[in-house]
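Coordinates in review
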Amino acid sequence: MAPRRLLLVGEGNFSFAAALSETLDDSTSVTATCLQRPADLAGDPVAQENLQRLRERGTEVRFGVDCTQLADAFELHHREFDRIYFNFPHCGRKAGVAKNRELLAKFFQSCKDVLAPEGEVYVALCRGQGGTPADKPTREWHNSWQVVAMAALGGFILSDVHPFSCEAVPGYKCTGYRSQDKSFHVEGALNHIFTRSLPFEDSQPRIFRTKVGGRWFSFPEPEALVGKLNRGFLEAPSCHPVRTINEKLIAELGKVFPLKRLKRPFPLLPQGSTSALTSWNCDILSAAFWISLREDDSNSESLTDGTTQDMEDFLALFSELSLLKDPGSDSKEEAHEESYGQTTVCLRPSLLVHVQAVIQAPDFVPGYLHILSGPVFRKCRILPFTMPAFHETLFVIGFNKNLKDGCLQSLLEHLKGFLDSLLTHTLLEGSQPSSSVEFVFQPNGKEYIINVKRPNFGPDCAKALIIGSVVTSATGIMHKDQCFMFVSMNLDLLAMLVWGISDWRMLWTFDHRFLKNFVSGSIEPFKSYCLYPPCYVHDISFWLDEKKGFDELEFHMVARAVSRDTVISIQFLSRFQHPKTQQVSLCYRLTYQTCDKALPQQQVSSMQSQLRKEIQQRLHVIPR
């Protein structure tokens, strides 16, 4: 819908307001403002002519309006502007970058009081001033106006950038260069379009309830997974890209094999069924999120904060702790906890935990591809394409041992052909050569890794991504004279490659603008609504406790939880050993950046301070 109420601030000679108003229809109202008083413009014939044109069109003009105090200029019933324009802001005279940053920061903080919820803020800046990669050439960050960082202080994100064109508003003449009747240098100038960001919510982890063995238990949402449980991305009528890519994958393999989609829940890991994982990939289990279920017969609504969905389908219960237990806990403590109605479980790290249940089900049909899809959760280090939660699709097929080679070859050929075609046809025009899919046979003799080689990942990313695996045999999976194959696919990584989504966190955003990029069943390149978010770098060093040791994976998980997934990189810098005490100190560099929200520097500093407290308490280190 076209904007209906426009606010122009910082008008100099009102030439922009006059020119713009003549391009609009009668349904759009314009309010043009300036900081000066009427007497200040009395001797400016250009300004007087433009003011006359505005009055003839019925445009509202206000004088003495401070763009950093907009709430003071407009009553409540006169706010809710659909668009605010600020062309070439400047403090005047020879103000430096610091003064102009301050102006921008106060302006954006003022805008949030008078802008409509879906409104936009247009800020035109001269070449290089913004400090974003859109500027050609790009200034060094410290020498720019840091417009995205200043906007974040008001809760705004940069959603679009395009060249500023004087031709689009004939008659516009910008003035005010160094407080004089001189034009700014508008060649190479950019219009920066900002929109409201979703706020960072300081909510506590939710409490979920689940029924295990006829008894009700409750458990808190793991801090590192806040906002990643019960999202329903794979369920109809979702148009989320992970569902779209899953349906396409299933449909393609259905051309070769008869399909059987498994609809019933697979909530628990039966006793002894860990062999599907432990026989070939112990790392998956060691990275599981272990939680304690506390028996609780309270009313479900009071426990779940309104979330009453049964969580059994996410949980894997290990009834024999001697077979497999939380590697970070003590068996005596577990026994003590169970005696008080507490049970140790883990959120499923892979759908492979359900393989035995699928195969042993009475309705298992050899020769059919049995399909199971859902979210899985693993502890992991903070890396660009490594995620603690993602959606997995598992294909399970059983066949006569004599047919193994032919069935495997057919499956691999069709899967590779589909993936190559999918990734080739979704490349942007002018991009580098297409992705290359390859199946790499592993030394264990039982598994293929599905690699995608892509030349345009960027210098900081691996040149190949593992998007899935094919297990050709697994010790302990026995069923008559059949042998089995399992295909596991990471739908999140595949969706990122297909739509060109550079940040996995975007798949989990609550911002409704994300799903507006996707129409069910179609594939168009993803266009981000949050451009060039600023990065903030902080170093942290701490002394180790020799008796306790140091778990780097847990350090990453604490950083992920405290920062609410805003830490995008943790780089080890140095190790120092005191020459006298022999005490060891480690130093790391953390980079903070969001992909969908405004993140001010002050909030990052607060997170960094909280991280120092948390690692001291949880990891038993002493911050320096």
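None of these values were measured; they are calculated from a predicted model. (Residues numbered from 1 in each chain as written. Predicted model: local features only at pLDDT ≥ 70, side-chain atom pairs only at ≥ 80, totals over all residues. Heavy atoms only, no water.)

**What about the overall build of the chain?**
- Check the secondary structure of the chain and you find 15 helices and 23 strands.
- Within the chain, the fraction of its 624 residues that count as buried is 51%.
- Sequence-distant contacts, at least 24 apart, represent 72% of the contacts inside the chain between residues at least 6 apart. (Helix = DSSP H or I, 4+ residues; strand = E, 2+ residues; numbered from the N terminus. Buried < 20%, exposed > 50% of the residue type's maximum accessible area, 1.4 Å probe, protein only. Contact = heavy atoms within 4.5 Å.)

**Observations regarding the pattern of salt bridges**
- Inspection of the entire model under this criterion finds 19 salt bridges.
- Across the pair arginine 62 and glutamate 60 runs a salt bridge whose closest N-O atoms are separated by 2.8 Å.
- Its salt-bridge partner being arginine 505, residue aspartate 503 comes within 2.7 Å of it at the nearest N-O pair. Like aspartate 503, the residue arginine 505 is buried in the burial classification. (Salt bridge = Lys/Arg side-chain N within 4 Å of Asp/Glu carboxyl O.)

**A word on the pairing of strand 15 (residues 389-400)**
- Taken across its twelve residues, strand 15 has eleven buried, putting it largely inside the fold.
- For strand 14 (residues 369-377) and strand 15, the ladder comprises eight bridges, and the chain directions are antiparallel. What sits directly across from valine 376, in strand 15, is phenylalanine 390.
- Of the strand pairs in this sheet, strand 15 and strand 19 (residues 482-490) are connected by nine bridges, and their pairing is antiparallel. (Pairing = 2+ DSSP bridges.)

**Considerations on the nonpolar core**
- Judged by nonpolar contacts, the single largest core of 88 residues is most densely connected at Leu419, Ile450, Ile467, Phe486 and Ile501.
- Per-element tally for this core: the top contributor is helix 12 (residues 404-425), with nine residues.
- If we ignore the near neighbours within four places in the chain, the residues touching isoleucine 450 are Leu415, Leu419, Val437, Glu438, Phe439, Leu465, Ile466, Ile467, Gly468, Ser469, Val470 and Met489.
- Grouped together as the second largest cluster of nonpolar side chains are 55 residues, Phe81, Cys111, Phe156 and Phe200 included. (Core = buried A, V, L, I, M, F, W, Y, C linked by side-chain atoms within 4.5 Å.)

**Side note on unusual backbone geometry**
- Following lysine 136, the chain continues to proline 137 via a peptide bond in cis, the omega torsion being -5°.
- With respect to the helices, strands and loops of the structure, proline 137 is situated in the loop between strand 5 (115-125) and helix 5 (147-152).
- Geometrically, the link from alanine 236 to proline 237 is a cis peptide bond, its omega value of 5° lying close to zero.
- By secondary structure assignment, the location of proline 237 is in the loop between strand 9 (215-220) and helix 6 (241-253).
- Even without a glycine there, the phi angle at glutamate 80 is positive, about 60°.
- Checked against the element boundaries, glutamate 80 lands in the loop between helix 3 (70-73) and strand 4 (81-87).
- The class of glutamate 80 is partly exposed, set by a relative accessible area of 45%.

**Some thoughts on the packing of helix 6 against helix 13 (residues 491-499)**
- Remark: helix 6 packs on helix 13, axes separated minimally by 9 Å, with the N-to-C direction vectors making an angle of 95°. Classed by the angle they form, the pair helix 6 and helix 13 counts as roughly perpendicular. Residues Pro241, Val242, Thr244, Ile245, Asn246 and Leu249 of helix 6 touch helix 13, and the partners they reach there are Leu491, Asp492, Leu494, Ala495, Val498 and Trp499.
- In the contact of helix 6 with helix 13, the residues fall into nine nonpolar, two polar and one charged. (Axes fitted to C-alpha atoms, helices over the stretch in contact; angles between N-to-C directions. Parallel < 35°, antiparallel > 145°, perpendicular 65-115°, else oblique. Nonpolar A, V, L, I, M, F, W, Y, C, P; charged D, E, K, R; others polar.)

**Quick notes on the sheet that holds strand 1 (residues 5-9)**
- On the basis of which strands lie adjacent, the open sheet formed by seven strands has the order 3-2-1-4-5-7-6 and mixed pairing. One side of each edge strand has no neighbouring strand; the edge strands of this open sheet are strand 3 (60-62) and strand 6 (156-163). Across the sheet, the mean angle from the axis of one strand to that of its neighbour is 20°, orientation sign disregarded.
- Judged from the six bridges that link them, strand 5 and strand 7 (residues 190-196) form a sheet pairing that is antiparallel. When the sheet's bridge partners are listed, leucine 125 is paired in strand 7 with leucine 190.
- Each of strand 1, strand 4, strand 5, strand 6 and strand 7 is contacted by helix 4 (residues 97-111), which is oriented at about 160° to strand 5, the strand it contacts most.

**With respect to the side chain of arginine 243**
- Tracing the chain through its elements places arginine 243 in helix 6.
- Ignoring anything within four residues of it in the chain, the contact list for arginine 243 reads Phe233, Leu234, Glu235, Ala236, Pro237 and Ser238.

**A closer look at the sheet that holds strand 19**
- The mixed open sheet is built from seven strands, whose spatial order is 10-14-15-19-18-17-16. Each edge of the open sheet is held by one strand with a lone partner, namely strand 10 (259-261) and strand 16 (436-441). Strand-to-strand twist across the sheet, computed as the mean angle between neighbouring axes with direction ignored, equals 25°.
- One ladder, built from seven bridges, connects strand 17 (residues 447-453) with strand 18 (residues 464-471); its direction is antiparallel.

**A look at empty space enclosed by the protein**
- Enumeration according to the criterion identifies two cavities of 30 Å³ or more in this entry.
- As for the largest cavity, its lining consists of 14 residues, and the residues nearest its centre are Val148, Ile157, Pro533, Pro534 and Lys597.
- Element by element, the count of residues in the lining of the largest cavity is highest for strand 6, at three residues.
- For the lining of the largest cavity, the per-class residue count stands at twelve nonpolar, one polar and one charged. (1 Å grid on protein atoms, 1.4 Å probe; cavity = no way out; pocket = protein on both sides within 12 Å on 5 of 7 lines; lining within 4 Å. Points joined across faces, edges and corners; volume = space filled by probe spheres on them.)

**Observations regarding helix 15 (residues 601-618)**
- Taking 1.5 Å per residue, 18 residues should reach 26 Å; helix 15 reaches 25 Å between its end C-alpha atoms and fits that length.
- Those residues of helix 15 that fall on the buried side of the exposure criterion are Val604, Met607, Gln608, Leu611, Glu614 and Ile615. Angular distribution of buried residues about the axis of helix 15 spans 130°; they occupy a single face of the element. With respect to the buried face of helix 15, the exposed residues turned more than 90 degrees away are Gln602, Lys613 and Gln617.
- Next to the buried residues of helix 15 lie strand 20 (536-543), helix 14 (552-562), strand 22 (584-592) and strand 23 (622-623).
- Histidine 620 sits one or two positions beyond helix 15 and adopts a positive phi of about 60°. (Expected span 1.5 Å × (residues − 1). Arc of directions from axis to C-beta.)

Keep in mind these values describe shape, not function.
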